[in-house]
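Residue-level structural notes
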Amino acid sequence: MTIQKVMVIGAGQMGSGIAQVCALAGFHVYMNDLKQEFLDRGLAGITKNLVRSVEKGRMTAEAKDEVLGRLTATTNLEDAKHVDIVIEAAVENMDIKKKIFAQLDGIAPAHAILATNTSSLPITEIAAATNRPEKVIGMHFMNPVPVMKLVEIIRGLQTADEVYAAIEDMTKKLSKVPVEVNDFPGFVSNRVLMPMINEAIFTVYEGVATPEAIDEVMKLGMNHPMGPLTLADFIGLDTCLYIMETLHEGFGDDKYRPCPLLRKYVKAGWLGRKTGRGFYTYET
């Protein structure tokens, strides 16, 4: 199973990052989104990253132009008929993902793999929206994609062995490290990370310590490069809440109950770095 052409659905922070690393690895990439303005923003971010690499001497200007030449921005989902794999990086919502996968199933060639970058949703359920569940797989990149090495590869109930092998091989070509994970809510990364973040929020909620103090404890005492509340602001508090709700619903265990303070901040529109206010205040 040879992968040469890729479509990435979504030109946001994750989607543009995935498109960038795929183009850097020599794949021709169609980057798809609903509006041209989203694509323009995504391409501008990729170009900025590549220009920075040229300025730091990590790549030549010619190589940068070659990478950009392998990127095609499109608002037409029909372009999926040209590719060997689609990597979906749309909003973390099951109904939206199932709708996208059902559409892709009718457009993409029969041999094409349909992958999702979901951070917590069941691969098996997404696969059920298609007539090719054996070709559906999870490919969970970490943020920021160009920097972070890990990719969680998640098999659905029916994912074929050769599909897993193809994705593992592709991941290595992207200079990433593939780790095989089974299809449980939150997989490994978010099942471990989000309860830690949620517990840090509980310590603020209960008045145990300030956000600054909690982050210092985890950085200096546990050798974390970033405190859990700074990380929560970076991820987005709405995303953290959604994943905690997915874990709570998926396992039915109260240890995954989202902290009321997390819910309150999200309702207030304090979503973290992207809105200028979360557990900390940011310049917008």
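All values reported here derive from a predicted model rather than from experimental measurement.

A separate point is helix 8 (residues 211-222). Along its 12 residues, helix 8 runs 16 Å from first to last C-alpha, staying within 8% of the 16 Å computed at 1.5 Å per residue. Every buried residue of helix 8 is accounted for by P211, I214, D215 and M218. Summarising the axial view, the buried residues of helix 8 lie within an arc of 95 degrees, below the 170-degree limit, and thus occupy one face. Facing away from the buried surface of helix 8 by more than 90 degrees, the exposed residues are L220 and G221. Packed against the buried residues of helix 8 are helix 7 (189-205) and helix 9 (228-235).

Bringing the layout of surface pockets into the picture now. Each pocket or cavity is described by its volume, and for the second largest pocket that value is around 210 Å³. As for the second largest pocket, its lining consists of M94, S120, L121, P122, E125, P185, Y242, E245, T246, E249 and G250. If you tally residues by element for the lining of the second largest pocket, the top one is helix 10 (residues 237-251), at 5 residues. Looking at the lining of the second largest pocket residue by residue, the class counts come to 5 nonpolar, 3 polar and 3 charged.

Moving on, we come to the UniProt feature "domain: 3-hydroxyacyl-CoA dehydrogenase C-terminal" (unreviewed entry) in the chain. The feature "domain: 3-hydroxyacyl-CoA dehydrogenase C-terminal" (unreviewed entry), as given by UniProt, occupies residues 186-282 in the numbering adopted here. Secondary structure across residues 186-282 divides into 63% helix and 0% strand, with the first and last C-alpha atoms of the span separated by 28 Å.

What follows is about the nonpolar core. Grouped together as the largest cluster of nonpolar side chains are 37 residues, with contacts concentrated most on V6, C22, I85, I87, M139, F141 and M170. It is helix 1 (residues 13-24) that provides the largest number of residues to this core, a total of 6 residues. Leaving out residues up to four positions away in the same chain, V6 has contacts with C22, F27, H28, V29, Y30, V83, I85, I87 and M170.

In an α-helix, one full turn covers 3.6 residues, which means residues spaced three or four apart are oriented alike. L261, L262 and Y265 are the residues of helix 11 (residues 260-268) that are buried. Seen along its axis, helix 11 keeps its buried residues to an arc of 105 degrees; they face one direction. Those residues of helix 11 that are exposed and aimed more than 90 degrees away from the buried face are K264 and K267. Structurally, helix 11 contributes buried residues whose contacts are with helix 7 and helix 10. Phi turns positive one or two residues past the end of helix 11, at G269, with a value near 85 degrees.

With that settled, consider the pairing of strand 6 (residues 136-141). Strand 6 sits mainly inside the fold: 6 of its 6 residues count as buried. Along strand 6, one buried face is formed by V136, G138 and H140 and the opposite face, lined by I137, M139 and F141, is buried too. Relative to strand 6, strand 5 (residues 113-116) is paired through 3 bridges, and the arrangement is parallel. What sits directly across from L114, in strand 6, is V136. Taken together, the 5 bridges between strand 6 and strand 7 (residues 150-155) define a ladder with antiparallel strand orientation. The partner of I137 across the bridge, within strand 7, is R155.

All right, on to the pattern of salt bridges then. Overall, the coordinates contain 12 salt bridges when judged by the stated rule. Between K274 and D238 there is a salt bridge, with the nearest N and O atoms lying 2.9 Å from each other. Placement of K274 in the segment after helix 11 and of D238 in helix 10 is noted, with a sequence separation of 36 residues between them.

Throughout the structure, instances matching the rule amount to 4 aromatic pairs. The interplanar angle of 70 degrees and the centroid separation of 5.1 Å between the aromatic rings of Y265 and W270 together place this pair among those described as edge-to-face. Classification of Y265 as buried rests on a relative accessible area of 15%. Taken together, Y265, W270 and F279 form an aromatic cluster joined through their ring pairs. Sitting above the plane of the Y164 ring, R155 keeps its charged end 4.5 Å from the centroid. Residue placement shows R277 over the ring face of W270; its charged tip is 3.7 Å from the ring centre.

Cut-offs and rules
- Residues numbered from 1 in each chain as written.
- Predicted model: local features only at pLDDT ≥ 70, side-chain atom pairs only at ≥ 80, totals over all residues.
- Heavy atoms only, no water.
- Helix = DSSP H or I, 4+ residues; strand = E, 2+ residues; numbered from the N terminus.
- Expected span 1.5 Å × (residues − 1).
- Buried < 20%, exposed > 50% of the residue type's maximum accessible area, 1.4 Å probe, protein only.
- Arc of directions from axis to C-beta.
- Contact = heavy atoms within 4.5 Å.
- 1 Å grid on protein atoms, 1.4 Å probe; cavity = no way out; pocket = protein on both sides within 12 Å on 5 of 7 lines; lining within 4 Å.
- Points joined across faces, edges and corners; volume = space filled by probe spheres on them.
- Nonpolar A, V, L, I, M, F, W, Y, C, P; charged D, E, K, R; others polar.
- UniProt positions renumbered as here; feature names shortened; annotations may be inferred.
- Core = buried A, V, L, I, M, F, W, Y, C linked by side-chain atoms within 4.5 Å.
- Pairing = 2+ DSSP bridges.
- Salt bridge = Lys/Arg side-chain N within 4 Å of Asp/Glu carboxyl O.
- Phe/Tyr/Trp six-rings, centres within 6.5 Å; stacked < 30°, edge-to-face > 60°.
- Lys NZ or Arg CZ within 6 Å of the ring centre and 35° of its normal.

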